Each structure stands twice: as C-alpha cells, then as structure tokens.
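Overview (structure and organization)
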Amino acid sequence: MAEDVKRCTRCILPETYPDIHFNEQGVCSFCSEPQAENPPSEKELKNTLDTIVRSHKGKGKYDAVVGLSGGKDSTYAAYYLKKEYNLRILGINFDNGYRSEYAINNLEIVCDTLGIDLLTIRPKKAFLNTLYRHFLRRNGEFCSVCNNLGYLLVGSFCFNQQRLHGYAPLAVGGWTKKYEYQPGVSVTSMQYFFNHLTPELFEELVAQPFIEEDAVRIFMQLNDPRQTHTYSATQREFKRLVSTFIQLPDYLPWDLNNMAQILADTIGWRQPPNGHGSHFDCALFPIKEFLKYRKYGLTQETIKNSVMIREGLMTRDDALKRMALDQTEEPDVYRKFLNELRLSVDDVNGDGEWSR
Ligand SMILES: [Zn+2]
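Residues numbered from 1 in each chain as written. Predicted model: local features only at pLDDT ≥ 70, side-chain atom pairs only at ≥ 80, totals over all residues. Heavy atoms only, no water.

Section: empty space enclosed by the protein
- One pass over the full model with this rule turns up one cavity of 30 Å³ or more.
- There is about 1,000 Å³ of room inside the largest cavity.
- Together, 45 residues line the largest cavity, and Ser69, Cys146, Asn147, His279 and Asp281 are the ones closest to its centre.
- The element that contributes the greatest number of residues to the lining of the largest cavity is helix α5 (residues 143–165), accounting for seven residues.
- Tallied by class, the residues present in the lining of the largest cavity amount to 19 nonpolar, 18 polar and eight charged. (1 Å grid on protein atoms, 1.4 Å probe; cavity = no way out; pocket = protein on both sides within 12 Å on 5 of 7 lines; lining within 4 Å. Points joined across faces, edges and corners; volume = space filled by probe spheres on them. Helix = DSSP H or I, 4+ residues; strand = E, 2+ residues; numbered from the N terminus. Nonpolar A, V, L, I, M, F, W, Y, C, P; charged D, E, K, R; others polar.)

The structure is reproduced here in structure tokens:
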C-alpha cells in the first residue's frame, strides 16, 4: 500500500481519484455529498418489489430471467426470488471463456438446488477477442465488453419473448449500483460502450445470433435503463417496449457482510478462500483491478469499501487492512491474455478515456 498518498480521513479514497477534493478536516467530496431527501423506506421498496413480481408471476413459462454469473450478487438475486416468491426462473449466463472454476461449480449448484433452468451463451471467441482488442487499444480497458454484452443478451431474450408471446418475463440483475458504480472511473455504462465502438464493430455486434438489433437500439435510445433509479421514466419506457428490468439490490437491504455465508449455508455456494470475495467469477478481474490501479491509483475494491464505510458496514481500519488484498501488481494472467489477443503491453492505451 502506498503510504504517502493522501486519503480521505473518513473513507479511504485517495487524492488520485479524478476530481476529488478534500475539506479542512480532510474529508473527501464523496463523503460530504448531500444525501437524497426522503429516500423511499425499506418497507416502501419491498412493497414496490412485491407489486412488480406479482404482475409477472404466472404469465408465461418463466416468471423471471436472472443474469447469473455464479458470483455472490447474481446468485443471491436468484436465491431471494426463489425463496421469497417461488418464481419459475431462467438463469442466463454469459460465458466469456474466462469463467472461474468456482463460478462454473456455483452455477451448477445454484441451478440444481434452487430448481432453475440455465441458458449459457458462449459467443464466438474471435468476436469477443476483436472487441477486447479494440477497447484495450483505444481505451486501455476491456471489461466494458462483457459488462454490456451480458445485458444486451438478457434484453434480446426478453425482446424476443415479447415479440413471440406478447409477454416478457421480469428481467433481474444483481448489480449493486450503490457499491459498484464508480463515478468518473467506471467502464460499465452503455453510452461509453457504444460511443467507443466503430461502425464496423457495431455491425458485427448486431449480426451476432444472440443479439437482437431492435433490442440494442432500444437500450441505446434509452441511455442504459439499468443505471437509472427505480422509478425513472427510462425504466418505465423500457418496460413498455421490452420488459421490466430491475436490479434487485435497488429494492432490498443488500447485506454484503453476510450474504456469502447465507448462500454457503443454504445452497452450498462457495467462494475462493483468502481473497476479497468480489468478482471471482471472472478469471480476468485481477487485470481490471491492476489496470485501474495503474491508471487511477485505486482499485474497485477501494471504492466499494469506501461506500461500505459511509454505510456503516465496514470500519475505516478494516478497509485499510483489506487493501493488502488489492491487485496492485501485474497479475500473471495479464501477459497470457495479451498474448491470446496478439497484443503487446505497449498496445494497451494507458491514456485512454474511461467512463463519463
Ligand atoms: Zn471520503
């Protein structure tokens, strides 16, 4: 851990975070942001979720489709929907060719114990590699590819159900916006993804059999409904055109500290020992963390743990200790991945724009 970096005295965000500033007490601008006025209560959110789920139950062969990776959040989303509402669920898994052993085992366990059908799509390697190569060269990252293709896959599935049957199942993700969205240093946004695709790559994308061009255009026109808040006009419009698409963590207290244990005890889900427990579903995640650290002097874990401090779910001392788990050194898989893409380390654009 770089001890000479100035950090917020409340959370652990460093001075290298773009556009951060500190007040006289050394508290960062993220910690001093005003809180939303009158946010909906837990009970109100649960009532909203009940209403949404009820309106989808028993309408088609599946009540809900859940984007499943085998990681903690998506597994918990499926587990909760089954336990709380006993829904008929289709899990949709995006296989980028780098799923970890833990993720693959968990997918089987989750589906077998909860009684979930699983649809896995593994896009052609040449297609994915073209996209990874493009984003590494242009922007110095590659995670935006899977972040967005997974959602476009679920959206395309729902779009086709709507067209075929006049009804689409509830689409559910386990993306914890609160902890995972990183203003200024994120690569999750769909606008970012499409803004940086060439026209040729866009054509190649919509030509993929698992992608529906009309669904893609709806996502583009609505500026990525999954990143909007629960009651937004964008989400309503997406519902009208395709299906209701929710991130389950927006509706529930998302207990990051106990979720892994609950899943382990109830369905035998497992995570690698001795790690930070985030995003072990993809074997390439250490590369993302390393590239982010090299570019901004901070990892996604640092940002997430800073939010957890603000939420009272982690102490600052614990967060500082957990920094020992950060991927600050180049992971072995980095050179292997670049070799596979036929790129050299110099081809990766260290100055590329991330986020927006
Ligand atoms: Zn702070």
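There is more to say after this.
Here we look at the nonpolar core
- Ranked by internal contacts, the top residues of the largest apolar core, which has 112 residues, are Leu152 and Leu248.
- Broken down by element, this core gets its largest block of residues, eleven residues, from α5.
- In contact with Leu152, other than residues within four places in its own chain, are Met190, Phe193, Phe194, Leu205, Ile211, Val216 and Phe219. (Core = buried A, V, L, I, M, F, W, Y, C linked by side-chain atoms within 4.5 Å. Buried < 20%, exposed > 50% of the residue type's maximum accessible area, 1.4 Å probe, protein only. Contact = heavy atoms within 4.5 Å.)

Concerning the layout of surface pockets
- Taken as a whole, the largest pocket spans an internal volume of roughly 1,400 Å³.
- If you go around the largest pocket, you meet 36 residues; those closest to its centre are Gln35, Lys177, Lys178, Val307 and Glu311.
- Residue assignment for the lining of the largest pocket shows that the elements contributing at least two residues are α1 (42–54), α6 (177–180) and α13 (300–310).
- A per-class count over the lining of the largest pocket returns 21 nonpolar, five polar and ten charged.
- Lining the second largest pocket are 18 residues, with His276, His279, Phe280, Pro286 and Gln327 sitting closest to its centre.
- In terms of residues, the lining of the second largest pocket owes the most to one element, helix α12 (residues 285–296), which gives three residues.
- Residue composition of the lining of the second largest pocket, by class: nine nonpolar, eight polar and one charged.

A look at the coordination of the zinc ion
- Coordination sphere of the zinc ion, protein contribution only: Cys8 (SG), Cys11 (SG), Cys28 (SG) and Cys31 (SG), at 2.3 Å.
- Coordination at the zinc ion is tetrahedral, judged from the four donor atoms that bind it and the angles of 103 to 113 degrees they form at the metal.
- Donor residues for the zinc ion, ordered by position in the chain, follow C-x2-C-x16-C-x2-C. Pair check on accessibility: Cys28 and Cys31 agree, each one buried. (Donors = N, O, S within 2.8 Å, 3.2 Å for Na, K, Ca; no water. Tetrahedral: all angles 85-135°; square planar, octahedral: opposite > 155°, others 65-115°.)

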